[in-house]
Amino acid sequence: MSHKAGFVNIIGNPNVGKSTLMNAFIGEKLSIITSKAQTTRHRILGIVNGDDFQVILSDTPGIIKPAYELQQSMMDFVKSAFEDADVLIYMVEIGEQELKDEAFFKKITNSKIPVLLLLNKIDKSDQEQLESQVALWSTKVPNAEIFPISALEGFNVKEVFSRIIELLPMSPAFYPKDQLTDKPERFFVNETIREKILMHYKKEIPYAVEIDTEEFFEEDAIIRMRSVIMVERETQKGIIIGHKGSALKRVGIEARKDLEKFFGKQVHLELYVKVNKNWRSNERQLKRFGYNN
Ligand SMILES: Nc1nc2c(ncn2[C@@H]2O[C@H](COP(=O)(O)OP(=O)(O)OP(=O)(O)O)[C@@H](O)[C@H]2O)c(=O)[nH]1
Ligand SMILES: [Mg+2]
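The rules we used
- Residues numbered from 1 in each chain as written.
- Chains lettered and ligands numbered in written order.
- Predicted model: local features only at pLDDT ≥ 70, side-chain atom pairs only at ≥ 80, totals over all residues.
- Heavy atoms only, no water.
- UniProt positions renumbered as here; feature names shortened; annotations may be inferred.
- Pairing = 2+ DSSP bridges.
- Helix = DSSP H or I, 4+ residues; strand = E, 2+ residues; numbered from the N terminus.
- Axes fitted to C-alpha atoms, helices over the stretch in contact; angles between N-to-C directions.
- Donors = N, O, S within 2.8 Å, 3.2 Å for Na, K, Ca; no water.
- Buried < 20%, exposed > 50% of the residue type's maximum accessible area, 1.4 Å probe, protein only.
- Salt bridge = Lys/Arg side-chain N within 4 Å of Asp/Glu carboxyl O.
- Parallel < 35°, antiparallel > 145°, perpendicular 65-115°, else oblique.
- Left-handed = near helix turned anticlockwise from the far one by under 90°.
- Contact = heavy atoms within 4.5 Å.
- Near = heavy atom within 4 Å.
- Polar contact = N/O pair within 3.5 Å; in protein donor to acceptor, adjacent residues only side chain to side chain.
- Areas by Shrake-Rupley, 256 points an atom, 1.4 Å probe, with all protein chains shown as cover.
- Nonpolar A, V, L, I, M, F, W, Y, C, P; charged D, E, K, R; others polar.

Going by what an unreviewed UniProt entry lists, the protein is known as GTPase Era and is assigned to Psychroserpens algicola. Under the heading Subunit (unreviewed entry), UniProt records this for the protein: "Monomer."

Now the structure itself:
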């Protein structure tokens, strides 16, 4: 037996590029990516299969100090990523100085398992800044191997992947070799819609939104989907819909295009908006949406 397999969990501050890296490894857009912090809310598995290996990557939410139940649950996903990792990827971006959470940082520096510290977005830096950042992080996290990378441009991504394979334990596969993720199809519908909302609405709106895909019905030539956009207050509902429905229409058109690419099939997407008062602080609602508190 010379098969390797294991869990490689990606953690770090918000917006550093964790999801971009995960997608680069997978070669598919599994995780949504935006320029806003707290884009990822769940722990999402992305599985890379080879003849003699299976790398099970976990994308996780960026580390923050939780202010409400939803964020608490997001940080529980991060915690769980420490528990089963065979290799820990700690991602920082160029210019970053510290992790906002002391306790998580201690877990990284005291880690018994291998830590790869990926210094991301080096396409935005020069040689001098890069050298000083590598020096900074090698004193801060002496137990880590440091790789400067650009997840966006694919720089050093292959090299990191080869190192991961070297570090993985001998083990049979954990998942069927044709499986790409642990999440159901509806999850990707929800996330695609949420990405468009993060892109097109300002301030608090995206953070007050959750998506629930009520119907996903695949026919020979088309997939029919119906999704609810949930907001916390009546005023937010109006903003989501926009003047004569124009804002909501744009979300629908853009999401449908991405979903057609993702599923490789024609998509019919029906969207509507509903108020679900304070869902972000309601444990029962959170459970319903897959935040297992
Ligand atoms: N210049 C540059 N930008 C990058 C790179 N990697 C990611 N980005 C950008 O950084 C932003 C955040 O990327 P994400 O992958 O969503 O970051 P994340 O760490 O998953 O963010 P959260 O899920 O909110 O914690 C996006 O605008 C990306 O395009 C990189 O290597 N270079
Ligand atoms: Mg993310």
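With mixed pairing, 6 strands are arranged side by side in an open sheet as β2-β3-β1-β4-β5-β6. With partners counted over all chains shown, the strands left at the sheet margins are β2 (44-50) and β6 (144-148), one partner each. Between one strand axis and the next, the sheet turns by 25° as a mean value, whatever way the strands run. Pairing geometry for strand β5 (residues 115-120) and β6, over 5 bridges, is parallel. Within β6, the residue paired with leucine 119 across the bridge is proline 148.

Turning our eyes to something else, we now look at the coordination of the magnesium ion (ligand 2). Distances from the magnesium ion (ligand 2) to its protein donors, namely Ser19 (OG) and Thr40 (OG1), fall within the range 2.0 to 2.1 Å. In this pair, serine 19 sits in helix α1 (residues 18-26) while threonine 40 sits in the loop between α1 and β2, placing the two residues 21 residues apart along the sequence. Across the pair, threonine 40 and serine 19 agree in class, each one buried.

Further remarks concern the pattern of salt bridges. Under the criterion given, the structure shown has 21 salt bridges. Notably, a salt bridge pairs glutamate 195 with lysine 196, separated by 3.1 Å at the nearest N-O pair. Assigned by exposure class, glutamate 195 and lysine 196 land together as buried. With a shortest N-O distance of 3.0 Å, lysine 265 and glutamate 218 are connected by a salt bridge. Remark: glutamate 218 occurs in strand β7 (residues 210-218) and lysine 265 occurs in the loop between α8 (246-263) and β9 (266-275); sequence separation between them is 47 residues. With a relative accessible area of 43%, glutamate 218 lands in the partly exposed category. Via salt bridges that share partners, Lys29, Glu195, Lys196 and Asp258 belong to a single interconnected network.

Below, the discussion takes up the packing of helix α2 (residues 69-83) against helix α3 (residues 102-109). It is the contact of α2 with α3, at a shortest axis distance of 11 Å, that shows an interaxial angle of 15°. Relative to α3, the element α2 lies roughly parallel. As α2 runs across α3, the sense of the crossing is left-handed. Residues Met75, Val78, Lys79 and Phe82 of α2 pack against Phe104, Lys107 and Ile108 of α3.

Around ligand 1 lies a shell of 23 residues, among which Lys18, Thr20, Thr39, Thr40 and Asp123 are the nearest. Here an oxygen atom of ligand 1 sits 3.1 Å away from a polar atom, N or O, in the main chain of alanine 151. Contact with the protein chains covers 90% of the free accessible surface of ligand 1, which is 660 Å². Within the shell around ligand 1, the residues separate by chemical class into 6 nonpolar, 12 polar and 5 charged.

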